Amino acid sequence: MTGKLILANGEAFNGNWHGTPASVQGEVVFFTGMTGYEEVITDPSYKGQVIVFSYPLIGQYGIESLYAQSEKIQVNGIIVAELYDGPLPKRASSLAHFAESQGVPVLSGIDTRSVIQTVRETGTMPAQLLHKEMPEQPWQLLTADFFPAGENMDIKQVGEGHLHIGLVDFHYKASILKELLALGCTVSILPYNAPAELPESLGVDGLLFSNGPGDPQALTSRLPVYRAWAERYPSFGICLGHQVLAAAFGANTTKLAYGHRGANHPVKNKKTGRVSMSSQNHSYVVEADSLKETPFDVLYENVNDGSIEGLIHPHLPITTVQFHPEAAPGPADHLALFHQFLETANDMKKVKMHA
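Scoring rules and cut-offs
Residues numbered from 1 in each chain as written. Predicted model: local features only at pLDDT ≥ 70, side-chain atom pairs only at ≥ 80, totals over all residues. Heavy atoms only, no water. Salt bridge = Lys/Arg side-chain N within 4 Å of Asp/Glu carboxyl O. Helix = DSSP H or I, 4+ residues; strand = E, 2+ residues; numbered from the N terminus. Core = buried A, V, L, I, M, F, W, Y, C linked by side-chain atoms within 4.5 Å. Buried < 20%, exposed > 50% of the residue type's maximum accessible area, 1.4 Å probe, protein only. Pairing = 2+ DSSP bridges. Axes fitted to C-alpha atoms, helices over the stretch in contact; angles between N-to-C directions. Contact = heavy atoms within 4.5 Å. Parallel < 35°, antiparallel > 145°, perpendicular 65-115°, else oblique. Nonpolar A, V, L, I, M, F, W, Y, C, P; charged D, E, K, R; others polar. Polar contact = N/O pair within 3.5 Å; in protein donor to acceptor, adjacent residues only side chain to side chain.

J.: Outline the pattern of salt bridges, listing residues and values.
T.: Per the stated rule, a full pass over the model turns up seven salt bridges. Here glutamate 27 and lysine 255 are joined by a salt bridge, their closest N and O atoms 2.7 Å apart. Pair noted here: glutamate 27 is in strand S3 (residues 23-31) and lysine 255 is in strand S15 (residues 253-269), with a separation of 228 residues, a long-range link.

J.: Give a detailed account of the nonpolar core, specifying residues and quantitative values.
T.: Core analysis: the largest hydrophobic core is formed by 33 residues, its most contacted members being Phe170, Leu207, Phe209, Leu219, Tyr226 and Trp229. Counting only elements with at least two residues in this core, the list comes to strand S13 (206-209), helix H6 (223-232), helix H7 (240-248) and strand S18 (308-312). In terms of residue count, the dominant contributor to this core is H7 (six residues). By size, the runner-up hydrophobic cluster in this structure holds 25 residues, among which are Ile176, Val187, Cys239 and Val267.

J.: Describe in detail unusual backbone geometry, supporting the description with residues and values.
T.: At the junction of alanine 328 and proline 329, the peptide bond is cis and its omega measures out at 0° in the coordinates. For proline 329, the position within the fold is in the loop between strand S19 (318-321) and helix H8 (336-353). A positive phi angle is found at histidine 171, which is not glycine, with a value near 85°. Looking at the secondary structure, you find histidine 171 in the loop between strand S11 (163-169) and helix H4 (174-182). As for its placement among the helices and strands, alanine 328 is situated in the loop between S19 and H8. Using a relative accessible area of 15% as the deciding quantity, one classes alanine 328 as buried.

J.: Give me the lowdown on the sheet that holds strand S12 (residues 185-191), citing residues and values where you can.
T.: The mixed open sheet is built from ten strands, whose spatial order is S10-S12-S11-S13-S14-S19-S18-S17-S15-S16. Two strands close off the open sheet at either side, each with one partner strand: strand S10 (156-158) and strand S16 (275-286). When strand polarity is set aside, the average angle formed by the axes of neighbouring strands in this sheet is 25°. Summarising the sheet, S11 and S13 pair through four bridges and their orientation is parallel. In the strand pairing of S13, isoleucine 165 is matched with glycine 206. Along the sheet, H7 makes contact with S13, strand S14 (235-238), S15, S16, S18 and S19, crossing S14 at roughly 120°.

J.: Got a sec to walk through the pairing of S18? Specific residues and values, please.
T.: The two faces of a sheet get side chains in turn, since along a regular strand they alternate between them. Most of S18 is tucked away: five of the five residues are buried. What sits between strand S17 (residues 297-302) and S18 in their antiparallel hairpin is a turn of five residues, with glycine 306 showing a positive phi close to 75°. Strand direction decides the pairing type here: S18 and S19, joined by three bridges, are antiparallel. Bridge assignment links isoleucine 312 to a residue of S19, and that residue is threonine 319. Between the antiparallel neighbours S18 and S19 lie five residues.

J.: Explain the sheet that holds strand S8 (residues 106-108) to me, using residue names and the numbers behind them.
T.: In spatial order, the strands read S1-S2-S8-S6-S4-S3-S9; together these seven strands close into a barrel with mixed pairing. Strand-to-strand twist of the sheet, defined as the mean angle between neighbouring strand axes without regard to direction, takes the value 35°. Across five bridges, strand S1 (residues 2-7) lies against strand S9 (residues 125-131) in antiparallel orientation. Note that in S9 the partner of leucine 5 across the bridge is leucine 129.

J.: Give a description of the packing of H6 against H7 that names residues and reports values.
T.: At a minimum axis separation of 8 Å, H6 and H7 run at an interaxial angle of 95°. When the axis of H6 is compared with that of H7, the two are roughly perpendicular. Along the contact surface, H6 presents Leu223, Tyr226, Arg227 and Ala230, while H7 presents Val244, Leu245, Ala247 and Ala248. Class assignment of the residues belonging to the contact of H6 with H7 gives a composition of seven nonpolar, no polar and one charged.

J.: Requested: an account of H4, with residues and values cited.
T.: Within H4 the residues assigned to the buried category are Ala174, Ser175, Ile176, Leu177, Glu179 and Leu180. Next to the buried residues of H4 lie S10, S11, S12, S13, S14 and H8. A positive backbone phi angle near 80° is found at glycine 184, which sits one or two residues after H4.

J.: Please give an account of the side chain of lysine 173 that cites residues and values.
T.: Take lysine 173: it is sitting in the loop between S11 and H4. When its relative accessible area of 2% is taken as the criterion, lysine 173 is described as buried. At a separation of 2.9 Å, a polar atom in the side chain of lysine 173 contacts the main-chain carbonyl oxygen of alanine 327. With sequence-adjacent residues up to four places away left out, lysine 173 is seen in contact with Asp43, Pro44, Gln69, Asn211, His324, Glu326, Ala327 and Ala328.

Printed below as a string of structure tokens:
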């Protein structure tokens, strides 16, 4: 079966359709890693997007639920140059079968290099994946707010450990939770719209503000609550959590032309001068000039474009990073950030116990 990718600027690319005939739309973005397609398509930060993989062959080691970052595929569509259809490990299913089982189309045989060049030159834009039997659809507005005010989310507690960490859920990646559990934490998953008194009633020792999709300004009404939490508990922000904490203390955020997505982004620690590799997935960044109105210092910056990659509070135990220290996929250069966060939470817990 054949299908096409249509960009909002009018460019179209023909390819081979895999899955049920359909017409889907989403913001077209690209990922530059050589591996990690399992983690990417199930990462909630990609919710509603059409993902283009830059590596020319995708699907070569199949799909195993062990690496999924959520319970389902989050992207609206998948674009690849070549879709692997050879033998796979016994426990793995094919990418095509996995996507079809969840109603997500895959389009292969696409000139992904040209698509990515277009996105780099003109920025991300709406895109349609269209099966040959389906008519072209009217363009829809891209969704940037994934946080309905009245959404009812359950409070969950997992793990058994000395430290009790509240994971503020902006649609977190499973690997963040796994890392906290592997380090021996009790974790309470707190809804993004939780009552202001919830962390205290649960007796948490620290808060991790998670990654998530969309525009951080969608959470503006909640910023006073997040600031109050961060002023009370050791806090660690990742990706969207980094942006939200910065905004809670007065910073502004803005959207990049085509974002940072891949497992090979170099960042520089401003305190040590050390450059390390990071895994990233974000459209929005904290505006550097707006930090003058906040107490934060820049901890990390992007080597390629100088954008803000991490912040640290000079007096409060608050650290944030724009990248993903839990990787999945990507390098493990920054796992120590979890240890540092938990050590701080543990030290403050001891102080409270002896107060």
